[in-house]
Amino acid sequence: MPLVAGSYARWIEPDWLQDRKLTCYLDRLPPSFDGLTIAHISDLHYGDHVHSEDIERILERVMSAKPDIICLTGDLVDDRSGRTNGIVEVMSKFRAPLGQYAVLGNHDYSRGDDIATDLLIQAGFDVLTNQHRMLQAGGAHLAIAGIDDALDGSPDLDRALGGIPSGTCCVLLAHEPDIADWSLTKEVDLQLSGHSHGGQIRLPFIGPIFLPNLGEKYPDGKYILSRPLGHHSIDTPLTVYTSRGTGTSLLPLRFSCPPEWTLITLRVVAV
């Protein structure tokens, strides 16, 4: 039995890519952005165990959904491998009418060096390292912001959000999901994250056997978080979505936690 389970965790489930769909109702979303779709991808971990053909398979699924925006929430490469040949060519095929945005994860750093930003830029991604962009439709705006990796980078949420007019609906890209505790104190409506891989190996009646630092509180799926009492700038909830990611970390194993990419549809809250 252990041999069967181990073989399944190594050779079957890591390739069992799930297409997850999610609708997020945001109180402050302008009506002109109602129905906007975001392809959320995370934790590709290109390197030892993930190759160009694996990302091509994800690419086909994502592009067939025709998303308005593509967002990558970190760990493009695996810092243990140092192999990046072919990554720009395949990533450059991800295209969406309103843009491709990315932030860095902890594996995108190697011994303190950023090894992913140039690759992402060459592939046509807008890397939001403590920055934001403003999208416009029907005279209204939607902010897309991103922060540097919280473990190995230099995250600055105030800088990322600085200059966004108060009252603007904001989507934040942050590799580590537990950054949501910071986001709760800011004007952020939706946070997209990865990092935890959903635990990667989840045992019956036990759950994840390991969760990484800053990936323990919100490790998998959708969370609706209330603002702290007395917060002065925004009283609407924060929605957090943590992707299980498409690749694997440390060991190329998954059990009861298949890889995923997610198509998120933003909707206006009905009055």
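Heads up: these notes are all about the structure in this document. Model, not experiment: these values are computed from the prediction.

### Structural notes on the sheet that holds strand E7 (residues 126-127)
Whenever strands of a sheet pair, they do so through backbone hydrogen bonds, lying parallel or antiparallel. Spatially, E1-E16-E2-E3-E4-E7 is the arrangement adopted by the 6 strands of the open sheet, whose pairing is mixed. Edge positions in the open sheet fall to strand E1 (18-26) and E7, since each of these has one partner strand only. Sheet topology places E1 next to strand E16 (residues 260-268); 9 bridges connect them, and they run parallel. Along E16, the bridge assignment pairs cysteine 24 with leucine 266.

### Concerning unusual backbone geometry
A negative phi holds for most residues other than glycine; trans holds for most peptide bonds. A positive phi is found at histidine 45, a non-glycine position, where the angle reads about 50 degrees. Along the chain, the position of histidine 45 falls in the loop between strand E2 (37-41) and helix H2 (52-64). Here the phi dihedral of phenylalanine 205 falls at roughly 70 degrees; this positive angle occurs in a residue that is not glycine. Residue position: phenylalanine 205 is located in the loop between strand E12 (202-203) and strand E13 (207-208). By relative accessible area, phenylalanine 205 is classed as exposed at 90%.

### What to know about the side chain of aspartate 75
Structurally, aspartate 75 can be placed in the loop between strand E3 (69-73) and helix H3 (87-91). When its relative accessible area of 1% is taken as the criterion, aspartate 75 is described as buried. Engagement of the side chain of aspartate 75 in a polar contact is seen with the backbone nitrogen of histidine 107, the distance being 2.8 Å. Residues in contact with aspartate 75, not counting those within four places in the same chain, are Asp43, Leu44, His45, Gly105, Asn106, His107, Asp108 and His175.

### Re the sheet that holds strand E10 (residues 169-173)
In spatial order, the strands read E8-E9-E10-E11-E15-E14; together these 6 strands make up an open sheet with mixed pairing. Every interior strand has two partners, whereas the edge strands, strand E8 (131-137) and strand E14 (221-225), have only one. For this sheet, the mean angle separating the axes of adjacent strands, direction not counted, is 20 degrees. Of the pairings in the sheet, the one linking E8 to strand E9 (residues 140-146) comprises 7 bridges and is antiparallel in character. The partner of glutamine 136 across the bridge, within E9, is histidine 141.

### Details of the pairing of strand E4 (residues 100-103)
What you see with E4 is no split at all: Gln100 and Ala102 on one side and Tyr101 and Val103 on the other are buried throughout. Here E4 runs beside E7; their pairing, made up of 2 bridges, is parallel. Of the residues in E7, the one forming a bridge with tyrosine 101 is aspartate 126.

### Observations regarding the nonpolar core
If you look at the biggest cluster of nonpolar residues, it comprises 30 residues, and the most contacted ones within it are Ile55, Leu72, Leu76, Met91, Phe94, Leu120 and Phe125. Where this core is concerned, the elements lending two or more residues are E2, H2, E3, H3, helix H4 (117-122) and E16. Looking at this core, the element that brings in the most residues is H2, giving 4 residues. Apart from residues no more than four positions distant in its own chain, methionine 91 is found in contact with Leu44, Ile55, Leu72, Leu76, Ala123 and Phe125. Ranked by size, the runner-up nonpolar core spans 23 residues in total, among them Leu22, Cys24, Tyr101 and Cys169.

### A short note on the pattern of salt bridges
Applying the stated criterion across every chain, the model contains 12 salt bridges. The shortest N-O distance in the salt bridge between arginine 267 and aspartate 34 comes to 2.9 Å. Placement of arginine 267 in strand E16 and of aspartate 34 in the loop between E1 and E2 is noted, with a sequence separation of 233 residues between them. Judged by its relative accessible area of 33%, arginine 267 is partly exposed. Taking relative accessible area as the criterion, aspartate 34 reaches 33% and is therefore assigned partly exposed. The salt bridge involving lysine 217 is made with aspartate 181; its shortest N-O contact spans 2.8 Å.

### Points about the packing of aromatic side chains
Evaluation of the coordinates by the stated rule reveals 1 aromatic pair. Considering the side-chain rings of tyrosine 218 and tyrosine 223, the 5.4 Å spacing of their centres and the 70 degrees angle between planes classify their relative orientation as edge-to-face. Judged by its relative accessible area of 9%, tyrosine 218 falls in the buried class.

Definitions and limits used
Numbers given for residues are sequential positions, taken from 1 along each chain in its written order. Local features are withheld for residues below a pLDDT of 70 in this predicted model, meaning they are given only at 70 or higher, and side-chain atom pairs are given and counted only at 80 or more; totals for whole chains, interfaces and linings count all residues. Note: side-chain values were computed over all heavy atoms of the structure, leaving out hydrogens and water. At least two bridges found by DSSP between two strands is the condition for calling them paired. The helix count covers DSSP runs of H or I at least four residues long, the strand count covers runs of E at least two residues long, and both are numbered beginning at the N terminus. For the exposure calls, accessible area comes from a 1.4 Å probe over protein chains only, and a residue counts as buried if that area is under 20% of its type's maximum, exposed if over 50%, partly exposed in between. Under this definition, polar contacts are N or O atom pairs within 3.5 Å; protein pairs additionally need one hydrogen-donor-capable and one acceptor-capable atom, and for neighbouring residues in sequence, both atoms have to be side-chain atoms. In what follows, a contact means two residues having at least one pair of non-hydrogen atoms within 4.5 Å. In this analysis, axes come from line fits to C-alpha atoms, helices being fitted only over the stretch in contact, and the angle between any two N-to-C directions falls in the range 0 to 180 degrees. Only buried residues count toward a nonpolar core, which is a set of Ala, Val, Leu, Ile, Met, Phe, Trp, Tyr and Cys residues joined through side-chain atoms within 4.5 Å. Salt bridge, as applied in this entry: a Lys or Arg side-chain nitrogen positioned within 4 Å of an Asp or Glu carboxyl oxygen. Stacked, tilted and edge-to-face pairs are distinguished by plane angle, under 30 degrees for stacked and over 60 for edge-to-face with tilted covering the rest, among Phe, Tyr and Trp rings (Trp via its six-membered ring) whose centres lie within 6.5 Å.

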